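Letter by letter, the chains look like this.
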Amino acid sequence: MALSLRKKQLDLITRMLHLNQQQSSPDCGGEGEEEAYKILVMDGPCISLLSPVLRVGDLRKHGVTLHLNIDKARQQVPDAPAVYLVRPTPANADRIAADAAAGLYASFHINFSTSVPRPVLERLASATAATRSARRVARVADQYLDFICLEDGLFSLAQPRAYVALNDPAAADADITAVVDAIALGLFCVASTLGTVPIIRCARGGPAEMVAAALDARLRDHLLAKPNLFTEAASSAASSFQRPVLCLFDRNFELSVGIQHDWSYRPLVHDVLSLKLNKLKLPTEKYDLDDSDPFWVANSWLEFPEVAKEIEAQLAKYKQDVDEVNQRTGGGRDGVEFDGTDLIGNTKHLMNAVNSLPELTDRKKMIDKHTNIATALLARIKERSLDGYYRCEVDMLENGTVDRTMLLSLLSGKGTKEDKLRLAVTYLLSFEAPPSSELEQVEAVLRESEVDMSAFLYVKRIKSLNTQFAAASSTASRSNIVDWAEKLYGQSISAVTNYLSDGRQLALTRTVEALMEGKPNPEVDNYILFDPRAPRSGTGGQFRGPFREAIVFMIGGGNYIEYRSLIELGQRSQPSKHVIYGATEILNGVEFIQQLVELGQKAGLGSGGSNLPSQ
C-alpha cells in the first residue's frame, strides 16, 4: 500500500482537534457532546503546518470556532476548551502557563508539534503549579507533526538556511550538530506519522551521513520502549521488504538543479511568482494552488506554452457549453456569460440548466484564475527574457554546449541580477574546465551589470578546491567539520558530469532508482546502509532491496524540478513505485542563490553588500 503522508498527518491533526479521541471518520465531524465548540491556539510555525491541509471551513467541521495566534493578545473565553498546537519552546511554555493562570479557557489540551524536552515540560509544570492553575491542564501530548505536508508526496521541514549553516566554514561543531539533530528530529516525525521505520541509505561523508547516523540512533532509542509509535505498524508489516527506503542527499550532490530556470508551469509559478505553502499572492488576488484545483493537478507540470493553449481550450469549451444551455432554454447564442437570467422553455431543459449552473460557475472561476496567473507569468517572462535563460541553461546542462553570443547577451541584457547570477553559476558548473578567455568575459559582463560576484567566486573557488581534493582523496582527513563542507562541493561538481550524460534524467533520480532496485551498481555500492531494526553488530542480514516505496530527502533545500523528476520515476517504473520527496525547505532559484551569496560573503569574496533580497 502506497505511503500516504498527507492523509496520515491529517488523521493525526483531526484526532487532536477532537481532544485526542480516535475518530471513526476523520472527514466528518460528529454531532455528539465532544463537538462542543473549542478554541485552537497555535504559534507561527504550526499555523504554517496546518495551512496546507486544513481550511477554515474544515476547522469549523471539527468544532473549531476560533483559531488564534499564541503570540497575539487574546480575549477570555472561560466556557470553552482550548486546543494548543505549538512548538516545544520555553517561550511557548511560558505563554501557556500565563494563559492558564489568567483562566482564559475552561480547559487546556496542550499538543507539542514534536518531542518536548524535559526542561520545557518541567518549566510548564512548575509555572502552572505556582499559580495553582495546573487543574486546568487536561492533557499534554507530543504529536510528532513538525513538518509541512504540501502534497501527498511532498513535504518540508521548514528549517530555513540549513544549507548556509552546514556549509559555513566558520561554523562551530556544536552549531553543525544542532542543525543535524533538528533535521533528524524532523525526519523522525515523518517516519512516526507514516508509522514505519525506514531503511536508510546515504553517501559516505558529509551532512547526509551525519543526519543518517543521528536518525538511526534516535529510532533505535525509541524502539527500545514498548509499546512505541511503531508498534502497530510492526505487527502489520511482517517482513522487511514492506518497509520503505529513506534516501538522504546533500544539496551539494547536484548543486545546479537548485539554481536553474525551468519552463514548466509549477516551477515557474514557484520561481517567478513566489508560490508559498500552496498559496499565491498576486497584486489584486490570492489563490490556492493545490489538489482542490483540477486544472492545477492536470496541467501544472506542462511547459508554459502548453498551459496557455490549455487555458484557451478550456475557455472555448466553456463558451460552447454556455451556448448549448442557452440554446436549449431559448437564450442567446452569442457566447455571453451564463448567469441564469435567460432560463425559459420547458421544465426539463430548465432543470438541466439550473443543475449545470454551479458547475459552469466553478469552471469560469478556475479559467479566470489561471488566466490571471498566466498573464502575470507572461509579463515577467517577456520582461526578463526567461525563455532565453531556460534555453541557454538547457544547452549547457543537457547538451554540454554553450552559445557564447547568447550567453553574453543574456548576462548584459534583460533579466534581474539574480537571473544573471544564476545563469553564470550554471555555466560555471556545466563545464569541468571552461576556456579561461570565455570565463574572463563572463566575469567582466557580470561586473558591468553590477551583479554581486560573491556566489560566482565562491563556486569557482570550490571547483578549484575540488581538483586538489580529487588529487589527494586517499589521504584527505574527515575529522574536521570544515573538511567535509569543502569536499561536498567537490561532490556537486562531479555530479554535474553525471547529469549531463543522461539528458533530462537528474543524477538524483538515477541514484534513487538504483537504490530502490537494490542491485549491484557502482554508483551506489559504496552508499552506507542503516537499519534501525537490525542489531548494531554485523551487516550480513541487512536488506538492500528491491523497494516499492522510497522517501527521498534533500538536506539544504529542495525544489519542484527534482520533485517532478521523482514523480516521473514512479510513473514509468514497472511495477509502479511510490516516492515521497522532502527537504529542509522548498526553495526557488532566487532563494537558493541568495544562500550561495551569503556563503561567498562569509568567505570574503565578491561585493561587500548583496544586490539580492534578504531572506
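Everything below is about the structure printed above this text.
Anyway, here's the lowdown on the structure attached to this text. Just so it is clear, the model here is predicted, and its values are computed rather than measured.

### Here we look at the overall build of the protein
When its secondary structure is counted, the protein shows 22 helices and 14 strands. Counting across all 615 residues of the protein, residues that qualify as buried make up 53%. Counting only contacts in the protein whose residues sit at least 6 apart along the sequence, the fraction spanning at least 24 positions is 79%. For the protein, the exposed surface amounts to about 26900 Å²; the carbon and sulfur share of it is 51%.

### Quick word on the packing of aromatic side chains
This structure, assessed with the given rule, holds 17 aromatic pairs. Relative to Phe-108, the ring of Tyr-84 lies with its centre 5.5 Å away and its plane at 20°, an arrangement referred to as stacked. Here Tyr-84, found in strand β3 (residues 77-86), pairs with Phe-108, found in strand β4 (residues 105-112); they are 24 residues apart in sequence, far enough to count as distant. With relative accessibility at 0%, the residue Phe-108 sits in the buried group.

### Comments concerning the environment of Phe-553
Here Phe-553 is to be found in strand β13 (residues 549-555). Residue Phe-553 is classed as buried on the basis of its relative accessible area, which comes to 0%. Through-space distance from the C-alpha of Phe-553 to that of Phe-249 is 6.2 Å; in sequence the pair is 304 residues apart. Those residues in contact with Phe-553 that sit more than four places away from it in its chain are Phe-155, Leu-157, Ile-183, Leu-187, Leu-246, Cys-247, Leu-248, Phe-249, Gly-582, Ala-583 and Thr-584.

### So, the pattern of salt bridges
Evaluated as defined, the whole model comprises 32 salt bridges. Asp-291 is paired through a salt bridge with Arg-6; the nearest N and O atoms lie 3.9 Å apart. Taken together, the residues Asp-291 in the loop between β11 (286-288) and α11 (294-299) and Arg-6 in helix α1 (residues 5-17) connect sequence positions 285 residues apart. Overall, Arg-6 belongs to the buried group, its relative accessible area being 14%. Of the charged contacts, one joins Arg-220 and Asp-216 as a salt bridge, the two residues approaching to 3.0 Å between their closest N and O atoms. Within this pair, Arg-220 and its partner Asp-216 are both found in helix α8 (residues 206-223), separated by 4 residues, close to a single helical turn. Arg-220 gets classed as buried once you look at its relative accessible area, which sits at 14%. On the accessibility criterion, Asp-216 (5% relative accessible area) is buried. Residues joined in a network through salt bridges with shared partners are Arg-55, Lys-279, Asp-288 and Asp-290.

### Focus: the side chain of Lys-420
Within the secondary structure, Lys-420 is located in helix α16 (residues 417-430). No salt bridge is formed by the buried Lys-420. Its closest oppositely charged neighbour is Asp-419, at 8.4 Å. There is a polar contact of 3.0 Å between the side chain of Lys-420 and the backbone oxygen of Gly-413. For Lys-420, the contacting residues outside a window of four places in its chain are Tyr-389, Leu-410, Leu-411, Ser-412, Gly-413, Lys-414, Gly-415, Leu-446, Ser-449 and Val-451.

### Observations regarding the sheet that holds β4
Here 5 strands make up an open sheet; going across it, the order is β2-β1-β3-β4-β5 and the pairing parallel. In the strand order of this sheet, the two ends are held by β2 (64-69) and β5 (137-142), each with one partner. Shown here is a sheet whose adjacent strand axes are inclined to one another by a mean of 20°, direction ignored. Where β3 and β4 come together, 7 bridges link them in parallel fashion. Across the sheet, residue Ala-82 finds its bridge partner in β4, namely Phe-108.

### A word on helix α5 (residues 118-130)
Taking 1.5 Å per residue, 13 residues should reach 18 Å; α5 reaches 18 Å between its end C-alpha atoms and fits that length. For α5, the complete set of buried residues consists of Val-120, Leu-124 and Thr-128. Seen along its axis, α5 keeps its buried residues to an arc of 60°; they face one direction. Opposite its buried face, α5 presents the exposed residues Arg-118, Pro-119 and Ala-130, each directed more than 90 degrees away. Buried residues belonging to α5 abut α4 (90-102), β4 and β5. Just beyond α5, the residue with positive phi is Arg-132, at close to 55°.

Rules and cut-offs
Residues numbered from 1 in each chain as written. Predicted model: local features only at pLDDT ≥ 70, side-chain atom pairs only at ≥ 80, totals over all residues. Heavy atoms only, no water. Helix = DSSP H or I, 4+ residues; strand = E, 2+ residues; numbered from the N terminus. Buried < 20%, exposed > 50% of the residue type's maximum accessible area, 1.4 Å probe, protein only. Contact = heavy atoms within 4.5 Å. Areas by Shrake-Rupley, 256 points an atom, 1.4 Å probe, with all protein chains shown as cover. Phe/Tyr/Trp six-rings, centres within 6.5 Å; stacked < 30°, edge-to-face > 60°. Salt bridge = Lys/Arg side-chain N within 4 Å of Asp/Glu carboxyl O. Lys, Arg positive; Asp, Glu negative; His and termini not counted. Polar contact = N/O pair within 3.5 Å; in protein donor to acceptor, adjacent residues only side chain to side chain. Pairing = 2+ DSSP bridges. Axes fitted to C-alpha atoms, helices over the stretch in contact; angles between N-to-C directions. Expected span 1.5 Å × (residues − 1). Arc of directions from axis to C-beta.

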